[in-house]
Amino acid sequence: MLYFLAALLATLLHAALVFAFAPLLLGGITKLRARLLGRRGPPLLQPYRLLTRLLRKTTLQPETTTHLYPVWSFAAFAALATSALLVPSFCTGLLTANLSDFITLIGLLALARAATLLAGLESGFGFGGAAAAREALFSVFAEAALLVILISFVLIAHAPTVDSIAEAFRTGHIGISVSLGFALAAILAVALTEAGRIPADNPAGHLELAMVHEAMLLEYSGRYLLLFEYAAMLRLLVWMNLIGTVFFPFGMARAGDLLSWPGGLLLWAIKLTAMATALALFEVSTAKMRVFRVPEFLGVAMLLGVLSGVFLFVASRVGG
Amino acid sequence: MTYSYIYQISHLLGGIILLCAFSLLSQRRLSAMIALYQIEAITLAAAALWQGFAQNAGDLYLTALITLVIKAILLPIGLRQIVQRFNLIRAVETAMPIGLSMILGVALIGIAVLVVLPTTLSAVSITREDLAISLSIVLLGFLVMTTRRNALAQVIGFLSTENGLVLAATGMPGMPFVAELSVALLVLLACLVLGVFLLRIREHFDSLDVSGIEEIERRGR
Amino acid sequence: MFGLPGQGMHLRIDALSALFLCILAPQTLAAAIAGMRGSVTFWAFILGMVLALLAADAFTLIFGFELMSAASWLLVLQGDRKPATLYAGIAMFSAACLIPAVFLPASSIAFLLVLLGTGAKAGLAPLHAWLPRAHPAPPAGVSAVMSGGMVKVALYILIRYGFMVFGAAAQPWWGALLIVAGAASVLIGALRSMLETEMKTALACSTIEHVGLIAVGLGIALRAKAMGDPALAALALQGALLCAIAHGLFKPMLFLGAGAIKQATGTTSLDWLGGLMRGMPRLGALMLLAAGGMAALPLGPGFAPEFLLLHAVIAAANTGGILARIGFTALLAGLGLATALTLGAAVRLIGIGFLGRPRTLHAAAAEDAEPATLAAIALLAACCIPVSLLPGLIVFALVPVIGLLVPGADPAPLAYAPLSLAVILLIVTALAFLALRKFGTRGTREVAAWNGGFGRPPVWLPFGDPTTQPTASGFAEPIHRAIGRFMLATGGADPSEAYLLLPIIRLHSRLTRLAEHIRRTTIRERLAFVFAALVMFLLALGLGQGG
């Protein structure tokens, strides 16, 4: 009973942190990017201002859209908010731990993607359709790569949920492993593509012909655009939480053990800061790829995932 | 725990070299290939250093130094000079699509693992993973050589193969030092020869693209 | 009375037959309600399928199978004459493989014949080229039952022979062969459903993909059973059977919807539709649900089978040597590719057909479907609800079937709980809705679309210029460039057609010419032929005796 109360408290705290700090993460990355380029950059809390500004605006719905226009924004937001609740951030053992099967997570991300694609096709004008076609192309290779990487995780951890993978990686003496190194490189490539960062898509660009994620939302405004923008921030946080939980679970708190929470929270903050810095550094030093180079990029990620499975096989047969 | 730590770090370093060798297959620009080769050489020097520490063999420290100086510093400088002198900064053409060559690369790594696992059952179990990694690097270097049309890119593939052989040599306890020195000098000699050869090709045909030679060979048959 | 003289016709129901009858029943009811109830050929078709499912002896099985083929051939002929010959050819090939197979003892040859026969009928690669040509031809109700029911009957025969009749003699490579065929079907079906611009053809290609998924599940189960791993076999069978159930529900919905669209607008080509959601809101909502099932989205009927199958493949990657590890990893990559392609195909179907602006006047003037069709689709949607929200119960109901196929298995309960997910999704949506209502500006204003700053379209184009819209082929173009060029033959043709069917057709014309040539030989040439045959026999006799 006490454990259930602690888990409930942990889940509520996790939800509050995730929903409150997702815009701050995006603001931090944008500020860091600007600083690295020698500019002052927008204030750290700018995304919050964006969201409150969108709250005040009337929604302008294009005449050529259907009555399902608001549905897509709610669907995308709900799917990404649920995935944010499923992926642990500072502690394992949340109430949603049993639901956090990796394939369910992939399915929820696919639901969000389907809602965004349909939103792009809603108005029936060219930019949304072209962006939706490109997003469909990227998703084909990203999903294949993600599933292949999943094999390594499940075979090492003998469990399919993110929560238990984190537990297994924390307590088992995995050590530095070649196959996990390949898996990390691969999942970073997939995360960059799915979150819409460079090198797959430029989040700061405004050229419609080159946009992918923003072009699907061109015809949205007001409170529905707010839902989409907030969902995008949540998506970035979900991917960072996922990578942090699976690859760096050492020191994560346990829901039942209240004393470990402060350490877990501190570690979570450090992990997010480190990943945000790494992302900003990487974005500043690379250019956005041509659209048809992204499948090659993701193909390399998929093959690295296959290699990680092969070396896991070698390691397990060798006994090392 | 420390025993397995030693092998895990050597496997990690070997894995980084394998990652670079695999990325060589997906590169289109010569400068990127030279940079990857440089990372390979630096990691190889680190691996030799670590093996020297683990096996308590002083000559491996010297090997690491030689690798660092010759392969990580001098050779890339020389290659970059060749690129600049012959104006080779354009993209490298490939003989087969990059995706197909990468899938073949994974298949080669699978073959390497398939070969290594049964044949060395009697040997020390930990060196099997090292041997699998080294054999994979050798095979991937050969694949790079056979799928690039530019002579300098083929040279880089050969050098990557060489890195794999040296990695295997340092991983085996008891490998003589003389062999290492001779192998390194052989590489240097081969590069000098190839450099002269390239100069001649360049003077004759005004470019280093050997796809034209392939055409002539095919038609002549 | 019926049946072979002296033996009669034996019918029997067991758990497997009952399951497939339950898969067949809702689709038959829906197709009958949607307008096929008056057609005698349709009822003969259904009778054939039911006979094949209930058969207890080989004769009844073959009789039911052939009745099903013949009746569906007649229906295809009524719809469109061109694919009828191809369909008849495939039906005859399938019968020619099955009839000897049911009388052979359990062996690899018998299994191969059964696999060829049922695979041809179900649309397993490489014998799938006829399916996208023949399934769109008849009326929508028949297409629905063909895609949803007939392929299931073929798979039922495969399951019964592979697991039960030949069960003891099963070998691991049978399962591996089935996995390879299934994987090829999945990839080519998903790719083609993304690239085809005609709705019914795209849906037929999606049937190929789902048949491939079921085949992959069956293959893993067969291989695991032969290798003595009943737990993995049970998991894979759960996935395959659940996929059969789900596909039998959402595919007929989609086909019936396509039929309704054809009636309302006169075409099913996606490039001539658009904006149908305004004129046909109820059909649109139902098609959206069905497309969600096709795309294997969570909370849809198609997600639980995908979940189980992916877990089965991951578990299978742990068995066997390095080749099996690489093979199953590649299979998983292929399944991921195909899942995303199907999502794109489903999104394209809804996005270009129902959303956006109308591309023709017919699409603009479309009115909602007839109440009968809507009732039929709604019936199937109602049957989808337990499959979507309570898959654990369905998996529990499958336990006797799995016990029949893999004796000794103890299937684990499902780890996917859509009800809890639905609760969380509802809470989050409600919170967002309430927050927006309280803190946000209410109200929506209708304006012209921004469209990158273009002005209003001229008055004579009330929906804007129809050509400034994404087309179906335009949506699929990046994927065609990245994948299609490698997997399809030249000109975008199906590789099975280019490398299997066309050579067979060429061989057939060459043989026909040879036969004509022989028919026109002179008497002298015929004498020479007989004389040469005599000499050959004598030579063979001499060599056999002396040599």
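Fair warning: this is a prediction, and the values are worked out from it, not measured in the lab.

On a plain count of helices and strands, chain A comes out with 10 helices and 3 strands. Ordered by position from the N terminus, the helices and strands of chain A form the series α-α-β-α-β-α-α-α-α-α-β-α-α. A globule of 320 residues ought to have a C-alpha radius of gyration of about 20 Å, and chain A, at 20 Å, matches this closely. Reported as C-alpha extents along the three principal axes, the dimensions of chain A are approximately 60 × 45 × 45 Å. Expressed as a percentage of its 320 residues, the buried residues of chain A come to 64%. For chain A, the proportion of contacts with a sequence separation of at least 24, taken over those separated by at least 6, is 81%. Per element, the accessible surface of chain A, about 10800 Å² overall, is 70% carbon and sulfur. Counting 21 positive and 16 negative side-chain charges, chain A places the centres of these two groups 10 Å from one another.

Before going further, it helps to examine the packing of aromatic side chains. Evaluation of the coordinates by the stated rule reveals 22 aromatic pairs over all chains. Here the aromatic rings of W50(B) and F53(B) are separated by 5.3 Å at their centres, their planes lie at 50°, and the arrangement is tilted. In this pair, W50(B) and F53(B) both sit in helix α2 (residues 30–55), 3 residues apart, roughly one turn of the helix. Judged by relative accessible area, W50(B) falls into the partly exposed class, the value being 22%. When the centroid spacing of 4.2 Å and the interplanar angle of 5° are considered together, the rings of F111(C) and W174(C) count as stacked. Pair noted here: F111(C) is in helix α5 (residues 108–122) and W174(C) is in helix α8 (residues 172–195), with a separation of 63 residues, a long-range link. Just as F111(C) is buried, W174(C) falls in that class too. The structure contains a cluster of three or more aromatic residues connected by ring pairs, namely Y69(A), F74(A), Y220(A), Y224(A), F228(A) and F433(C). Between the NZ or CZ atom of R357(C) and the centre of the ring of F125(A), over which it lies, the distance is 4.2 Å.

As a further point, take the interface of chain A and chain C. Each partner contributes residues to the interface: chain A has 75 residues there, and chain C has 72 residues. When chain A packs against chain C, the two sides together hide about 6600 Å² of surface, and 77% of this comes from carbon and sulfur. Counting across the interface, chain A meets chain C through 0 salt bridges. In this assembly, chain A and chain C are joined by 17 residue pairs in polar contact (both at pLDDT 80 or more). Looking at the side of chain A that touches chain C, the elements with two or more residues in it are α2 (46–56), β1 (59–62), α3 (69–86), α4 (102–122), α5 (126–157), α8 (222–247) and α10 (294–318) of chain A. Of the residues that constitute the side of chain A that touches chain C, the class distribution is 46 nonpolar, 18 polar and 11 charged. Pairing of β1(A) with strand β1 (residues 444–447) of chain C involves 4 bridges; the strand directions are parallel. Looking at the pairing, L60(A) lines up with R445(C) of β1(C).

Generally, phi is negative for residues other than glycine and the peptide bonds are trans, each holding for most cases. In this structure, P199(A) follows I198(A) across a cis peptide bond, with omega equal to 10°. Along the chain, P199(A) turns up in the loop between α7 (178–194) and α8. In this model, A125(C) is joined to P126(C) through a cis peptide bond whose omega is -5°. Note that P126(C) resides in the loop between α5 and α6 (131–134). Phi at A296(C) is positive, roughly 55°, even though this residue is not glycine. Along the chain, A296(C) turns up in the loop between α12 (281–294) and α13 (303–316).

On to the environment of E370(C), then. Structurally, E370(C) can be placed in the loop between α15 (361–364) and α16 (371–389). C-alpha of E370(C) to C-alpha of Q263(C): the two residues are 107 residues apart in sequence and 9.4 Å apart in space.

The predicted coordinates of low-pLDDT regions are not to be read in fine detail. For chain B, per-residue confidence averages 79 on the pLDDT scale, and 79% of positions sit at 70 or higher. When pLDDT is averaged over each helix and strand of chain B, the minimum, 67, is found for helix α7 (residues 177–205) of chain B and the maximum, 89, for α2(B).

Ranked by size, the top nonpolar core spans 351 residues in total, and within it F153(A), F22(B) and L218(C) carry the most contacts. Broken down by element, this core gets its largest block of residues, 22 residues, from α5(A). If near-sequence neighbours (up to four positions away) are discounted, F22(B) is found in contact with L303(A), L304(A), L307(A), M102(B), G105(B), V106(B), I109(B) and L140(B).

In this section: the side chain of T67(B). All names here are of chain B. Mapped onto the secondary structure, T67 falls in helix α3 (residues 58–85). T67 gets classed as buried once you look at its relative accessible area, which sits at 3%. A polar side-chain atom of T67 sits 2.8 Å from the main-chain carbonyl oxygen of T63.

The rules behind these values
Residues numbered from 1 in each chain as written. Chains lettered and ligands numbered in written order. Predicted model: local features only at pLDDT ≥ 70, side-chain atom pairs only at ≥ 80, totals over all residues. Heavy atoms only, no water. Helix = DSSP H or I, 4+ residues; strand = E, 2+ residues; numbered from the N terminus. Rg over C-alpha atoms; globule rule 2.2 N^0.38 Å. Buried < 20%, exposed > 50% of the residue type's maximum accessible area, 1.4 Å probe, protein only. Contact = heavy atoms within 4.5 Å. Areas by Shrake-Rupley, 256 points an atom, 1.4 Å probe, with all protein chains shown as cover. Lys, Arg positive; Asp, Glu negative; His and termini not counted. Charge placed at Lys NZ, Arg CZ, Asp CG, Glu CD. Phe/Tyr/Trp six-rings, centres within 6.5 Å; stacked < 30°, edge-to-face > 60°. Lys NZ or Arg CZ within 6 Å of the ring centre and 35° of its normal. Buried area = accessible area lost by both parts, 1.4 Å probe. Salt bridge = Lys/Arg side-chain N within 4 Å of Asp/Glu carboxyl O. Polar contact = N/O pair within 3.5 Å; in protein donor to acceptor, adjacent residues only side chain to side chain. Nonpolar A, V, L, I, M, F, W, Y, C, P; charged D, E, K, R; others polar. Pairing = 2+ DSSP bridges. pLDDT = per-residue confidence, 0-100. Core = buried A, V, L, I, M, F, W, Y, C linked by side-chain atoms within 4.5 Å.

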